[in-house]
Amino acid sequence: MNRPIRVLVAKPGLDGHDRGALIVAQGLRDAGMEVVYTGLRQTVEQIVHAAIQEDVDCIGLSSLSGAHMALFPAVVNELKKQGVHDILVIGGGVIPPDDVRQLKSLGIAEVFTPGSTITDMAQFIRLHVKEKKWTGDFEPPTKVDHIGIAVNDMKSAIEFYEGLLGFSIVHDEQIEDQQVHAVFIQVGELHIELLESTSDNGPIARYISTKGPGIHHIAYRVTDIEDWLIRARQAEYRLIDEAPRNGGQHKRIAFLHPKGTQGVLTEFCEVIQSDS
Ligand code: ZN
(Lines give C-alpha, C1' and ligand atoms only; values in the text may rest on other atoms or scores of the structure.)
Protein backbone atom coordinates (compact mmCIF):
# COMPACT_ATOMS: atom_id res chain seq x y z
CA MET A 1 0.00 0.00 0.00
CA ASN A 2 1.75 3.13 -1.19
CA ARG A 3 -0.72 5.91 -0.47
CA PRO A 4 -1.22 7.07 3.12
CA ILE A 5 -3.96 5.38 5.14
CA ARG A 6 -7.19 7.39 4.96
CA VAL A 7 -9.44 7.66 8.00
CA LEU A 8 -12.90 9.16 8.35
CA VAL A 9 -13.51 10.50 11.84
CA ALA A 10 -17.20 10.82 12.53
CA LYS A 11 -19.54 11.65 15.37
CA PRO A 12 -22.89 10.02 14.82
CA GLY A 13 -25.91 11.01 16.85
CA LEU A 14 -26.98 14.08 18.65
CA ASP A 15 -24.32 15.10 21.11
CA GLY A 16 -22.72 18.43 20.45
CA HIS A 17 -19.09 18.17 21.52
CA ASP A 18 -16.32 17.42 19.11
CA ARG A 19 -13.17 18.26 21.06
CA GLY A 20 -12.19 14.60 21.50
CA ALA A 21 -12.83 13.80 17.85
CA LEU A 22 -10.75 16.78 16.73
CA ILE A 23 -7.84 15.73 18.95
CA VAL A 24 -7.96 12.21 17.49
CA ALA A 25 -8.13 13.60 13.95
CA GLN A 26 -5.06 15.76 14.53
CA GLY A 27 -3.18 12.90 16.25
CA LEU A 28 -3.78 10.55 13.33
CA ARG A 29 -2.62 13.25 10.90
CA ASP A 30 0.54 13.61 12.95
CA ALA A 31 0.98 9.83 12.59
CA GLY A 32 1.02 10.28 8.80
CA MET A 33 -2.59 9.44 7.95
CA GLU A 34 -5.03 11.45 5.87
CA VAL A 35 -8.04 12.31 7.98
CA VAL A 36 -11.47 13.44 6.88
CA TYR A 37 -13.68 14.85 9.63
CA THR A 38 -17.40 14.84 9.00
CA GLY A 39 -18.42 17.32 11.67
CA LEU A 40 -21.18 16.91 14.21
CA ARG A 41 -24.56 15.23 14.13
CA GLN A 42 -24.12 12.99 11.14
CA THR A 43 -26.59 10.23 10.37
CA VAL A 44 -25.35 6.69 9.85
CA GLU A 45 -26.19 6.91 6.14
CA GLN A 46 -24.27 10.18 5.76
CA ILE A 47 -21.22 8.70 7.43
CA VAL A 48 -21.15 5.60 5.26
CA HIS A 49 -21.78 7.65 2.13
CA ALA A 50 -18.89 9.97 2.98
CA ALA A 51 -16.61 7.00 3.73
CA ILE A 52 -17.28 5.50 0.31
CA GLN A 53 -16.96 8.86 -1.48
CA GLU A 54 -13.69 9.61 0.26
CA ASP A 55 -12.37 6.09 -0.33
CA VAL A 56 -11.23 5.69 3.28
CA ASP A 57 -9.63 2.61 4.83
CA CYS A 58 -11.04 3.14 8.30
CA ILE A 59 -13.98 4.83 10.00
CA GLY A 60 -13.36 6.11 13.53
CA LEU A 61 -16.59 6.70 15.44
CA SER A 62 -16.73 8.82 18.51
CA SER A 63 -19.59 9.00 20.94
CA LEU A 64 -20.20 10.68 24.24
CA SER A 65 -23.95 10.45 24.18
CA GLY A 66 -24.30 6.85 25.32
CA ALA A 67 -25.95 5.95 22.04
CA HIS A 68 -22.91 3.97 20.89
CA MET A 69 -24.67 0.60 21.27
CA ALA A 70 -27.17 1.58 18.59
CA LEU A 71 -25.06 3.82 16.37
CA PHE A 72 -21.74 1.96 16.06
CA PRO A 73 -23.26 -1.36 14.89
CA ALA A 74 -25.62 0.58 12.60
CA VAL A 75 -22.57 1.92 10.72
CA VAL A 76 -21.19 -1.63 10.33
CA ASN A 77 -24.57 -2.84 9.03
CA GLU A 78 -24.94 0.07 6.61
CA LEU A 79 -21.49 -0.71 5.17
CA LYS A 80 -22.57 -4.32 4.64
CA LYS A 81 -25.79 -3.14 3.02
CA GLN A 82 -23.72 -1.06 0.59
CA GLY A 83 -21.55 -4.09 -0.19
CA VAL A 84 -18.43 -2.64 1.44
CA HIS A 85 -16.31 -5.16 3.33
CA ASP A 86 -12.83 -3.69 3.45
CA ILE A 87 -13.34 -0.62 5.64
CA LEU A 88 -12.21 -1.07 9.23
CA VAL A 89 -14.60 0.38 11.85
CA ILE A 90 -13.29 1.45 15.25
CA GLY A 91 -14.93 3.39 18.06
CA GLY A 92 -14.01 5.53 20.98
CA GLY A 93 -15.57 7.18 23.97
CA VAL A 94 -16.44 6.61 27.60
CA ILE A 95 -17.75 3.10 27.05
CA PRO A 96 -18.11 0.45 29.79
CA PRO A 97 -16.23 -2.89 29.38
CA ASP A 98 -19.42 -4.94 28.86
CA ASP A 99 -20.42 -2.68 25.99
CA VAL A 100 -16.91 -2.90 24.53
CA ARG A 101 -17.15 -6.69 24.41
CA GLN A 102 -20.54 -6.56 22.78
CA LEU A 103 -19.49 -3.94 20.21
CA LYS A 104 -16.50 -6.08 19.24
CA SER A 105 -18.79 -9.06 18.69
CA LEU A 106 -20.91 -6.85 16.41
CA GLY A 107 -18.07 -5.99 14.06
CA ILE A 108 -16.40 -2.97 15.66
CA ALA A 109 -12.73 -3.93 15.34
CA GLU A 110 -11.60 -2.13 18.49
CA VAL A 111 -12.96 0.33 21.03
CA PHE A 112 -10.62 2.92 22.52
CA THR A 113 -11.60 4.16 25.95
CA PRO A 114 -10.07 7.03 27.94
CA GLY A 115 -6.47 6.14 28.75
CA SER A 116 -5.62 4.65 25.38
CA THR A 117 -3.16 6.75 23.45
CA ILE A 118 -3.35 7.99 19.88
CA THR A 119 -0.13 6.07 19.21
CA ASP A 120 -1.93 2.84 20.20
CA MET A 121 -4.77 3.79 17.92
CA ALA A 122 -2.53 4.62 14.96
CA GLN A 123 -0.67 1.33 15.37
CA PHE A 124 -3.90 -0.62 15.55
CA ILE A 125 -5.26 1.08 12.43
CA ARG A 126 -2.05 0.52 10.47
CA LEU A 127 -1.91 -3.20 11.28
CA HIS A 128 -5.59 -3.97 10.82
CA VAL A 129 -6.16 -1.93 7.69
CA LYS A 130 -3.37 -3.99 6.18
CA GLU A 131 -4.94 -7.19 7.46
CA LYS A 132 -8.26 -6.32 5.82
CA LYS A 133 -6.56 -5.80 2.48
CA TRP A 134 -3.95 -8.48 2.79
CA THR A 135 -4.04 -10.98 -0.06
CA GLY A 136 -1.89 -13.64 1.60
CA ASP A 137 1.10 -12.92 -0.63
CA PHE A 138 4.35 -12.78 1.28
CA GLU A 139 8.08 -12.50 0.82
CA PRO A 140 10.18 -14.99 2.75
CA PRO A 141 12.73 -13.41 5.10
CA THR A 142 15.78 -12.36 3.15
CA LYS A 143 18.36 -13.57 5.69
CA VAL A 144 19.22 -14.18 9.30
CA ASP A 145 19.79 -10.63 10.52
CA HIS A 146 21.37 -11.54 13.83
CA ILE A 147 21.60 -14.12 16.57
CA GLY A 148 21.01 -12.89 20.10
CA ILE A 149 23.15 -14.40 22.86
CA ALA A 150 22.42 -13.89 26.55
CA VAL A 151 25.70 -13.37 28.41
CA ASN A 152 26.58 -13.30 32.09
CA ASP A 153 29.77 -11.39 31.59
CA MET A 154 30.10 -8.98 28.66
CA LYS A 155 33.82 -8.57 29.12
CA SER A 156 34.61 -12.25 28.67
CA ALA A 157 32.11 -12.51 25.79
CA ILE A 158 33.94 -9.68 24.00
CA GLU A 159 37.26 -11.36 24.72
CA PHE A 160 35.99 -14.42 22.88
CA TYR A 161 34.37 -12.77 19.83
CA GLU A 162 36.79 -9.89 19.41
CA GLY A 163 39.92 -11.26 21.05
CA LEU A 164 40.01 -14.91 20.03
CA LEU A 165 37.85 -14.90 16.88
CA GLY A 166 38.96 -11.47 15.68
CA PHE A 167 35.54 -10.02 14.77
CA SER A 168 34.77 -6.29 15.15
CA ILE A 169 32.27 -4.56 17.40
CA VAL A 170 30.01 -2.43 15.20
CA HIS A 171 27.49 -1.10 17.69
CA ASP A 172 27.10 -0.77 21.43
CA GLU A 173 23.98 0.47 23.17
CA GLN A 174 22.03 0.54 26.42
CA ILE A 175 18.37 -0.32 25.81
CA GLU A 176 16.77 1.21 28.88
CA ASP A 177 13.26 -0.20 28.60
CA GLN A 178 14.60 -3.74 28.10
CA GLN A 179 17.17 -3.29 30.89
CA VAL A 180 19.86 -4.57 28.65
CA HIS A 181 23.29 -3.67 27.35
CA ALA A 182 23.61 -4.84 23.73
CA VAL A 183 26.86 -5.18 21.79
CA PHE A 184 26.74 -6.07 18.09
CA ILE A 185 29.56 -8.05 16.49
CA GLN A 186 29.91 -8.19 12.70
CA VAL A 187 30.25 -11.74 11.35
CA GLY A 188 30.19 -11.47 7.55
CA GLU A 189 26.62 -10.57 6.55
CA LEU A 190 25.32 -11.38 10.00
CA HIS A 191 25.50 -9.85 13.46
CA ILE A 192 25.89 -11.50 16.82
CA GLU A 193 23.94 -9.50 19.42
CA LEU A 194 25.46 -9.95 22.87
CA LEU A 195 22.90 -9.19 25.56
CA GLU A 196 23.85 -8.49 29.15
CA SER A 197 21.24 -7.56 31.74
CA THR A 198 21.61 -4.20 33.44
CA SER A 199 19.29 -5.14 36.30
CA ASP A 200 18.56 -8.18 38.46
CA ASN A 201 15.08 -8.78 37.10
CA GLY A 202 15.13 -7.64 33.49
CA PRO A 203 14.14 -10.10 30.74
CA ILE A 204 17.72 -11.23 30.10
CA ALA A 205 18.39 -11.73 33.83
CA ARG A 206 15.25 -13.83 34.10
CA TYR A 207 16.20 -15.82 31.02
CA ILE A 208 19.66 -16.59 32.39
CA SER A 209 18.30 -17.52 35.83
CA THR A 210 16.18 -20.30 34.30
CA LYS A 211 18.17 -21.38 31.24
CA GLY A 212 21.66 -20.08 31.82
CA PRO A 213 23.62 -17.98 29.33
CA GLY A 214 23.54 -19.03 25.67
CA ILE A 215 21.63 -18.56 22.44
CA HIS A 216 18.62 -16.39 23.23
CA HIS A 217 16.92 -15.65 19.89
CA ILE A 218 17.23 -15.72 16.11
CA ALA A 219 16.20 -12.63 14.15
CA TYR A 220 15.05 -12.85 10.52
CA ARG A 221 15.29 -9.82 8.25
CA VAL A 222 11.91 -9.16 6.61
CA THR A 223 10.77 -6.50 4.18
CA ASP A 224 7.36 -5.93 5.76
CA ILE A 225 7.03 -6.67 9.44
CA GLU A 226 3.27 -6.00 9.64
CA ASP A 227 2.64 -8.68 6.99
CA TRP A 228 4.59 -11.11 9.13
CA LEU A 229 2.62 -10.36 12.27
CA ILE A 230 -0.62 -10.83 10.33
CA ARG A 231 0.62 -14.06 8.74
CA ALA A 232 1.84 -15.53 12.04
CA ARG A 233 -1.32 -14.54 13.90
CA GLN A 234 -3.58 -15.98 11.22
CA ALA A 235 -1.62 -19.25 11.46
CA GLU A 236 -2.24 -19.11 15.24
CA TYR A 237 1.32 -18.64 16.36
CA ARG A 238 1.61 -16.83 19.65
CA LEU A 239 2.90 -13.27 19.32
CA ILE A 240 4.88 -11.56 22.05
CA ASP A 241 4.46 -8.24 20.24
CA GLU A 242 1.04 -7.52 18.74
CA ALA A 243 2.54 -4.59 16.85
CA PRO A 244 6.10 -3.78 15.80
CA ARG A 245 8.24 -1.81 18.22
CA ASN A 246 11.39 0.22 17.92
CA GLY A 247 14.48 -1.98 17.99
CA GLY A 248 17.09 0.79 17.73
CA GLN A 249 19.58 1.07 14.83
CA HIS A 250 16.75 2.04 12.41
CA LYS A 251 14.97 -1.25 12.94
CA ARG A 252 11.44 -2.25 13.78
CA ILE A 253 11.18 -5.57 15.57
CA ALA A 254 8.61 -8.04 16.93
CA PHE A 255 8.93 -11.39 18.67
CA LEU A 256 7.11 -14.70 18.32
CA HIS A 257 6.75 -16.78 21.46
CA PRO A 258 9.07 -19.82 21.60
CA LYS A 259 6.06 -22.01 22.34
CA GLY A 260 5.09 -23.12 18.87
CA THR A 261 8.56 -22.64 17.39
CA GLN A 262 10.23 -25.62 19.06
CA GLY A 263 11.63 -23.49 21.83
CA VAL A 264 13.36 -20.87 19.69
CA LEU A 265 12.47 -17.27 20.48
CA THR A 266 12.05 -15.79 17.00
CA GLU A 267 12.38 -12.14 16.05
CA PHE A 268 11.23 -10.40 12.89
CA CYS A 269 13.29 -7.38 12.06
CA GLU A 270 12.69 -4.73 9.40
CA VAL A 271 15.16 -2.00 8.50
CA ILE A 272 13.38 1.34 8.24
CA GLN A 273 14.23 3.22 5.08
CA SER A 274 15.59 6.57 6.13
CA ASP A 275 14.24 9.65 4.34
CA SER A 276 17.61 11.12 3.57
ZN1 ZN B 1 17.48 -9.18 18.43
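Not measured: the values here are computed from a predicted model.

Undergrad: Just checking my understanding: could you explain helix α3 (residues 68-81) for this structure?
TA: Helical periodicity: at 3.6 residues per turn, an α-helix aligns residues three or four positions apart in one direction. For α3, spanning 14 residues, the distance from its first C-alpha to its last is 19 Å, which sits close to the expected 20 Å at 1.5 Å a residue. His68, Leu71, Phe72, Pro73, Val75, Val76, Glu78 and Leu79 are the residues of α3 that are buried. Contacts made by the buried residues of α3 are with α2 (44-53), β3 (58-63), β4 (88-93) and α4 (97-105). Positive backbone phi, at 75 degrees, marks Gly83, one or two positions downstream of α3.

Undergrad: What's the story with the sheet that holds β4 in this structure? I'm lost.
TA: Neighbouring strands of a sheet are bound in pairs by backbone hydrogen bonds; such pairs are parallel or else antiparallel. Strand order in this open sheet of 5 strands is β2-β1-β3-β4-β5, and the pairing throughout is parallel. Since the sheet does not close on itself, it has two edges, and those belong to β2 (34-37) and β5 (110-112), each with one partner. Averaged over all pairs of adjacent strands, the angle between their axes in this sheet comes to 25 degrees, without regard to strand direction. Pairing analysis gives 4 bridges linking strand β1 (residues 6-10) to β2, with the strands arranged parallel. Bridge assignment links Leu8 to a residue of β2, and that residue is Val36. Sitting on the sheet, helix α1 (residues 19-30) is in contact with β1, β2 and β3, with an inclination near 160 degrees to β2. Across the sheet, α2 touches β1 and β3, and the angle it forms with β1 is around 165 degrees.

Undergrad: So what exactly am I meant to see when it comes to the coordination of the zinc ion here?
TA: Between any two of four tetrahedral donors, the ideal angle at the metal is 109.5 degrees; between two of six octahedral donors, it is 90 or 180 degrees. For the zinc ion, every protein donor is listed as His146 (NE2), Glu193 (OE), His217 (NE2) and Glu267 (OE), and the spread of their distances is 2.1 to 2.4 Å. Classification of the site at the zinc ion as irregular follows from its 4 donor atoms and the range of 85 to 169 degrees in their angles at the metal. In the primary sequence, the donor residues of the zinc ion line up as H-x46-E-x23-H-x49-E. Pair noted here: His146 is in strand β6 (residues 143-150) and Glu193 is in strand β9 (residues 190-197), with a separation of 47 residues, a long-range link. Per residue, the accessibility class of His146 equals that of Glu193, and both read buried.

About the cut-offs
Residues numbered from 1 in each chain as written. Predicted model: local features only at pLDDT ≥ 70, side-chain atom pairs only at ≥ 80, totals over all residues. Heavy atoms only, no water. Helix = DSSP H or I, 4+ residues; strand = E, 2+ residues; numbered from the N terminus. Expected span 1.5 Å × (residues − 1). Buried < 20%, exposed > 50% of the residue type's maximum accessible area, 1.4 Å probe, protein only. Contact = heavy atoms within 4.5 Å. Pairing = 2+ DSSP bridges. Axes fitted to C-alpha atoms, helices over the stretch in contact; angles between N-to-C directions. Donors = N, O, S within 2.8 Å, 3.2 Å for Na, K, Ca; no water. Tetrahedral: all angles 85-135°; square planar, octahedral: opposite > 155°, others 65-115°.

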